[in-house]
Amino acid sequence: MLSLKVSGMTCGGCINAVTRAIQAQDPQAKVKADLASQVVDLETSLSAAQASQIIADAGFPVTQ
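Residues numbered from 1 in each chain as written. Predicted model: local features only at pLDDT ≥ 70, side-chain atom pairs only at ≥ 80, totals over all residues. Heavy atoms only, no water.

Colleague: Now, about the sheet that holds strand β2 (residues 30–34): what can you tell me, with residues and values included?
Modeller: Judged by pairing direction, the sheet is antiparallel, and its 3 strands sit side by side in the order β1-β3-β2 without closing on themselves. Edge positions in the open sheet fall to β1 (2–5) and β2, since each of these has one partner strand only. Across the sheet, the mean angle separating the axes of adjacent strands is 20° when strand polarity is ignored. Strand direction decides the pairing type here: β1 and strand β3 (residues 39–43), joined by 4 bridges, are antiparallel. Looking at the pairing, L2 lines up with L42 of β3. Seen against the sheet, helix α2 (residues 48–57) touches β1 and β3 and runs at an angle of roughly 40° to β1. (Pairing = 2+ DSSP bridges. Helix = DSSP H or I, 4+ residues; strand = E, 2+ residues; numbered from the N terminus. Axes fitted to C-alpha atoms, helices over the stretch in contact; angles between N-to-C directions. Contact = heavy atoms within 4.5 Å.)

Colleague: Go over the packing of helix α1 (residues 12–25) against α2 with me, naming the residues and quoting the values.
Modeller: Interhelical geometry of α1 versus α2 gives an angle of 130° and a closest axis separation of 9 Å. Between α1 and α2, the crossing angle belongs to the class labelled oblique. In the crossing of α1 with α2, the sense of the turn from one axis to the other is right-handed. Of the residues in α2, those touching α1 at V18, A21, I22 and Q25 are A51, I54 and I55. Of the residues that constitute the contact of α1 with α2, the class distribution is 6 nonpolar, 1 polar and no charged. (Parallel < 35°, antiparallel > 145°, perpendicular 65-115°, else oblique. Left-handed = near helix turned anticlockwise from the far one by under 90°. Nonpolar A, V, L, I, M, F, W, Y, C, P; charged D, E, K, R; others polar.)

See the structure below:
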């Protein structure tokens, strides 16, 4: 399980964009995001660096 601090998420559409980006690379990934804390929890085969880059490329900077 990875927990990443992601800035810029403000709505359900943002969560969907992050989820789609991760699942495009790992279709089996489970993504749970909390808008209040700006934390995304991932169950994925991707490394933290890979997941961070994918999320950043989707337009949401990873700050941790």
